Amino acid sequence: MESFKLYIDGQFVPGNTTFTSLNPATAEPWACIAEARKEETDNAVNAAVRAFESDSWRTLTAGARGRLLLRLADLIERDAMKLARLETLDTGKIIRETRAQIAYVAEYYRFYAGLADKMDGSSLSIDKADMETWIKREPLGVVAAIIPWNSQLFLSAVKIGPAIAAGCTLVVKAAEVAPTPLLAFAGLIDEAGFPPGVINIITGFAEECGSCLTSHPLIDHIAFTGGAETARHIIRNSAINLASTSLELGGKSPFIVFADADLESAANAQIAAIFSASGQSCVAGSRLLVQETVKEQFLHLLVTKAQGIIIGCPQDPETQFGPLCTAAQKEIIEQVVTRSIARGAKLILGNQPVGKKGFYYPPTILDCSQCPDADSVSQELFGPVLSVLTFSNEADAIRLANSSEYGLAAGIFTRNLTLAHRVTRKVRSGVVWVNTYRVVSPLAPFGGFGKSGFGREGGIDAALEYTTTKTVWLRTSDEPIDDPFIMR
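Computed from a predicted structure; not experimentally measured.

Each value, and the rule that gives it
- Residues numbered from 1 in each chain as written.
- Predicted model: local features only at pLDDT ≥ 70, side-chain atom pairs only at ≥ 80, totals over all residues.
- Heavy atoms only, no water.
- Pairing = 2+ DSSP bridges.
- Helix = DSSP H or I, 4+ residues; strand = E, 2+ residues; numbered from the N terminus.
- Axes fitted to C-alpha atoms, helices over the stretch in contact; angles between N-to-C directions.
- Buried < 20%, exposed > 50% of the residue type's maximum accessible area, 1.4 Å probe, protein only.
- UniProt positions renumbered as here; feature names shortened; annotations may be inferred.
- Contact = heavy atoms within 4.5 Å.
- Parallel < 35°, antiparallel > 145°, perpendicular 65-115°, else oblique.
- Left-handed = near helix turned anticlockwise from the far one by under 90°.
- Nonpolar A, V, L, I, M, F, W, Y, C, P; charged D, E, K, R; others polar.
- 1 Å grid on protein atoms, 1.4 Å probe; cavity = no way out; pocket = protein on both sides within 12 Å on 5 of 7 lines; lining within 4 Å.
- Points joined across faces, edges and corners; volume = space filled by probe spheres on them.

### Brief notes about the sheet that holds strand β5 (residues 28–35)
Now for step 1: Reading across the sheet, the three strands line up as β1-β5-β4 and stay open at both edges, with mixed pairing between neighbours. Two strands close off the open sheet at either side, each with one partner strand: β1 (2–4) and β4 (17–23). Averaged over all pairs of adjacent strands, the angle between strand axes in this sheet comes to 30 degrees, irrespective of strand direction.
Now for step 2: Sheet topology places β4 next to β5; seven bridges connect them, and they run antiparallel.

This is the structure in structure tokens:
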């Protein structure tokens, strides 16, 4: 088996204990992972604190921080195939996506490299003639960045990039499930020339690693991507250290198809929305809301396309659909689909065994138009299950779209531009795609409302979240203060 170590204070360290990682395509162990417990987690935080407080980091210019990020981007681009292989082995995501996604991750680091020296403060036109007053932006401090197993290099880039641009240091915790891509990525941090302790990468389990990290008294900010239940624990832990938090959580995103839409294009987009990455995406368009007059036509198109999806080994470039990441996730999905069918959902496609090895679960479509309260409609499954509902008119579509605790993403398909504008305004969602789906850019903020979390990743907004403001007052008069007992 391949072995992976923790990366703390510029060194690869073994940790006192290890655990194994399974290949989801075969359900067999393939890697031995060093586990961070309380001691290693504390060492990582202290290393980040020392780095943040060091003169070498605090006096490094913003432009120099940007150049470090540029070097890191070049190295990611160089090693994209190697990192993609690890992500595919450890998570089961298909190689054609991991390779493309990791190569594009370099653009996020380049964006934040360019932004590093452009997060300016401002001068205030203050109402006191003898005062010069300005606002400076300064780094928050030490960041705990907690990354889920899916899209690790991407979801770490949207935290590491802006945090470094702002001048922070980090402890990055990879998920205990499939952490090898991030642990391998640590070698590029070293090669890019980051000072020791500026970026530390560890992995471990909730109590010994996660709780210790998020409640650590020296952590200033927690950036988390993952599930709502874990987020609640993080918020409770942050009450101990009063760290600020940004949370990018789950979704149950509506995919709205109006009768006038280009149905062929919408069907392709719906395939991408729910069956790419085997449905293991926080923005998965898992609730299809289709206008009742085109329901049968659209479902025929959709089923035909879904039946043609190539399921196979994720390392094969021809494969379009791989396994789920864990056996536990597969079991949860099977249970929810079974309950939903018992409640009245009609199985249109899927929900049958795929192969004899690995954690495969097929593309599945449930018609829930007669049971809109089925579990598959409301529960984020993080898998390839599409729940179909119908609507009669615009108001009905908006009501259904907003009938969820989540508010991360939404898709709207229509040729009517004024209709698209109206629905975009009324759908409660942090990201809205119109006549497309699952598109990202380093320039565009990303985040949600409600149970989907708060804060934004991507764009200028994300970098500002890693800064705090300092107001400086400079008195320009040499005259004595008139009355020291009156606030000016």
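### Points about the pairing of strand β20 (residues 431–434)
Now for step 1: Burial of the side chains of β20 is restricted to one face: V431 and W433 are buried, whereas none of V432 and V434 on the reverse face is.
Now for step 2: Of the strand pairs in this sheet, strand β19 (residues 409–413) and β20 are connected by four bridges, and their pairing is parallel. Pairing of I412 across the sheet is with V434, part of β20.

### What to know about the UniProt feature "active site" (unreviewed entry) in the protein
Now for step 1: Summarizing the sequence annotation, UniProt attributes the feature "active site" (unreviewed entry) to E248 in the numbering used throughout.
Now for step 2: Note that E248 resides in strand β12 (residues 244–248).
Now for step 3: Accessibility expressed as a relative area gives 3% for E248, which makes it buried.
Now for step 4: In this structure, E248 is in contact with L155, F224, T225, G226, C282, L408, F446, S452 and E457, ignoring residues within four places of it in sequence.

### So, the packing of helix α6 (residues 152–166) against helix α7 (residues 180–192)
Now for step 1: In the contact formed by α6 and α7, the axes pass within 9 Å of each other and the chain directions differ by 55 degrees. Classified by the interaxial angle, the pair formed by α6 and α7 is oblique. Crossing handedness for the pair α6 and α7: right-handed. Two secondary-structure elements touch here, α6 through Q152, L153, S156 and I160 and α7 through P181, L182 and F185.
Now for step 2: The residue makeup of the contact of α6 with α7, split by class, is five nonpolar, two polar and no charged.

### As for the layout of surface pockets
Now for step 1: Looking at the largest pocket, its volume works out to about 1,200 Å³.
Now for step 2: Taken together, 41 residues make up the lining of the largest pocket; nearest its centre are P148, F224, G226, G227 and T230.
Now for step 3: For the lining of the largest pocket, the element with the highest residue contribution is helix α9 (residues 228–241), accounting for seven residues.
Now for step 4: Partitioned by chemical class, the residues of the lining of the largest pocket number 19 nonpolar, 14 polar and eight charged.
Now for step 5: There is about 570 Å³ of room inside the second largest pocket.
Now for step 6: Along its surface, the second largest pocket is lined by 27 residues, and Q101, F154, R438, V439 and V440 are the ones closest to its centre.
Now for step 7: Counting only elements with at least two residues in the lining of the second largest pocket, the list comes to α5 (95–115), α6 and β20.
Now for step 8: In terms of residues, the lining of the second largest pocket owes the most to one element, α5, which gives six residues.

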